[in-house]
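Take a look at the letters that make up each chain.
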Amino acid sequence: MTAPHVLPAPHASPLDLGGRTALVTGAAGGIGRACALRLAAAGAKVRAVDRDAAGLEALAGQGGDLAGTVEPHVLDLTDLDAAELAAAGTDVLVNNAGLQLVSPIEEFPPDVFHTVLTVMLEAPFRLIRGALPHMYGQEWGRIVNVSSVHGLRASAYKSAYVAAKHGLEGLSKTTALEGAPHGVTSNCVSPAYVRTPLVEKQLADQARAHGIPEERVLSEVLLQDSAVKRLIEPEEVAEAVAYLCGPQASFVTGTSLVLDGGWTAH
């Protein structure tokens, strides 16, 4: 019988990523920005990946007083080969980048559907593929996929986003099963609506799709199924990501940490 794996007391185990390299996609704003800053605060050398060069520059300017570093890496994730190469040598991978279009299926542009699936499902696969050899070699790695309540539940008019997030949940579980013998965990963080530019840009589209004034979208659409009637802050999601990277979560893998305000309790 193997000896039990004993962890230090929780209060003695703050997140320490000193000497670790983390890669965060969609890092120029919203959840990605919050995750990049949180992991850098824990001492990580963060590769901040986004196609928004100006946003990355602003992010790097905010990381000067942190224990770790934030290094901007301008990359369009539709370049899948480049995405895979960018992940080489990373210890922590946070797949966060996403995009959204709200439209009925019969009107949904096929090229946009393809792009959403490329950025939000195929690119995470390629990033994981690029990161695993290093993680396996050192027998330690943390993969956190920023999914959504829409990886667990569907909403009308979001066919591409819902399909991508459901696929990401499955990819994350498969990665967990393959990675477990190598000390690599893989999990999803699945929030409801977060106060980000991606959500703010949905308001007009949602109003049009549902036939209601824009000012009614928040209460009647976005928060309708949530018991907690507010948006989640990006920093709250970043703390969930940080938890999954810490020593207390070494036995947590192949699951989804759901931050949905009670949405899926229905």
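What comes next concerns the included structure.

The rules we used
- Residues numbered from 1 in each chain as written.
- Predicted model: local features only at pLDDT ≥ 70, side-chain atom pairs only at ≥ 80, totals over all residues.
- Heavy atoms only, no water.
- Axes fitted to C-alpha atoms, helices over the stretch in contact; angles between N-to-C directions.
- Helix = DSSP H or I, 4+ residues; strand = E, 2+ residues; numbered from the N terminus.
- Parallel < 35°, antiparallel > 145°, perpendicular 65-115°, else oblique.
- Left-handed = near helix turned anticlockwise from the far one by under 90°.
- Contact = heavy atoms within 4.5 Å.
- Buried < 20%, exposed > 50% of the residue type's maximum accessible area, 1.4 Å probe, protein only.
- Core = buried A, V, L, I, M, F, W, Y, C linked by side-chain atoms within 4.5 Å.
- Pairing = 2+ DSSP bridges.
- Salt bridge = Lys/Arg side-chain N within 4 Å of Asp/Glu carboxyl O.
- Nonpolar A, V, L, I, M, F, W, Y, C, P; charged D, E, K, R; others polar.
- Phe/Tyr/Trp six-rings, centres within 6.5 Å; stacked < 30°, edge-to-face > 60°.
- Lys NZ or Arg CZ within 6 Å of the ring centre and 35° of its normal.

### Overview of the packing of helix α1 (residues 30-41) against helix α9 (residues 234-245)
Stage number 1. For the pair α1 and α9, interaxial distance at closest approach is 8 Å and the crossing angle is 50°. When the axes of α1 and α9 are compared, the pair comes out oblique. Considering only the axes of α1 and α9, their crossing is right-handed. Mapping the contact onto sequence places G30, I31, R33, A34, C35, R38 and L39 in α1 and P234, E235, V237, A238, E239, V241, A242 and C245 in α9.

### Brief notes about helix α7 (residues 202-210)
In an α-helix there are 3.6 residues to a turn, and that puts residues three or four apart on one side.
Stage number 1. Among the residues of α7, Q202, D205, Q206 and A207 are the ones counted as buried.
Stage number 2. Of the surrounding elements, those touching the buried residues of α7 are α6 (197-200) and α8 (217-222).
Stage number 3. G211 occupies a position one or two residues after α7 and carries a positive phi of about 70°.

### Considerations on the nonpolar core
In globular proteins that are soluble, nonpolar side chains generally tend to be buried together.
Stage number 1. Judged by nonpolar contacts, the single largest core of 48 residues is most densely connected at L39, V46, L59 and V94.
Stage number 2. Looking at this core, the elements that each hand over two or more residues are β1 (21-25), α1, β2 (45-50), α2 (53-62), β4 (92-95), β5 (141-146), α8 and α9.
Stage number 3. Ignoring anything within four residues of it in the chain, the contact list for L59 reads A27, R33, A36, L37, A48 and V70.
Stage number 4. With 28 residues, the next largest nonpolar core counts V49, V119, L132 and Y161 among its residues.

### Topic: the sheet that holds strand β7 (residues 256-259)
Stage number 1. What the 7 strands build is an open sheet, ordered β3-β2-β1-β4-β5-β6-β7; its pairing is parallel. On the outer flanks of this sheet lie β3 (69-74) and β7, each paired with one strand and no other. Strand after strand, the sheet turns through a mean of 15° between neighbouring axes, direction not considered.
Stage number 2. Contacts between helix α4 (residues 110-138) and the sheet are confined to β1, β4, β5 and β6 (184-191), with β4 contributing the most and set at about 170° to the helix.

### Description of the pattern of salt bridges
Stage number 1. Following the criterion strictly, the structure yields 8 salt bridges and no others.
Stage number 2. As a salt-bridge pair, R195 and E233 come within 2.9 Å of each other at their nearest N and O atoms. On the criterion of sequence distance, the pair formed by R195 in the loop between β6 and α6 and E233 in the loop between α8 and α9 is long-range, its members being 38 residues apart.
Stage number 3. Of the residues examined, R195 reaches a relative accessible area of 42% and is grouped as partly exposed.

### A word on unusual backbone geometry
Stage number 1. Even without being a glycine, E139 presents a positive backbone phi close to 60°.
Stage number 2. Note that E139 resides in the loop between α4 and β5.
Stage number 3. For Y157, which is not glycine, the phi torsion reads 75° and is therefore positive.
Stage number 4. Within the element layout of this structure, Y157 appears in the loop between β5 and α5 (159-179).

### Comments concerning the side chain of E84
Stage number 1. Note that E84 resides in helix α3 (residues 80-86).
Stage number 2. Setting aside residues no more than four positions away along its own chain, E84 makes contact with R126, R129 and G130.

### Considering the packing of α4 against α5
Stage number 1. At their nearest, the axes of α4 and α5 sit 8 Å apart, and the two run at 15° to each other. Judged by the angle between their axes, α4 and α5 are roughly parallel. Two packed elements cross with a definite hand, and for α4 against α5 that hand is right-handed. Between α4, through F113, V116, L117, M120, L121, P124, F125, I128 and Y136, and α5, the contact on the second element is made entirely by S159, A160, Y161, A163, A164, K165, G167, L168, L171, T175, E178 and G179.
Stage number 2. Considering only residue class, the contact of α4 with α5 consists of 15 nonpolar, 4 polar and 2 charged.

### Here's the deal with the packing of aromatic side chains
Stage number 1. Per the stated rule, a full pass over the model turns up 2 aromatic pairs.
Stage number 2. With centroids separated by 6.1 Å and ring planes inclined at 85°, the aromatic side chains of F108 and F113 adopt a geometry described as edge-to-face.
Stage number 3. Given a relative accessible area of 8%, F108 falls into the buried group.
Stage number 4. Residue classification places F113 among the partly exposed positions, given a relative accessible area of 33%.
Stage number 5. Across from the ring centre of W140, 3.8 Å away, lies the NZ or CZ of R20, which sits over that ring.

Without other data, these values stay purely geometric and don't point to any function.
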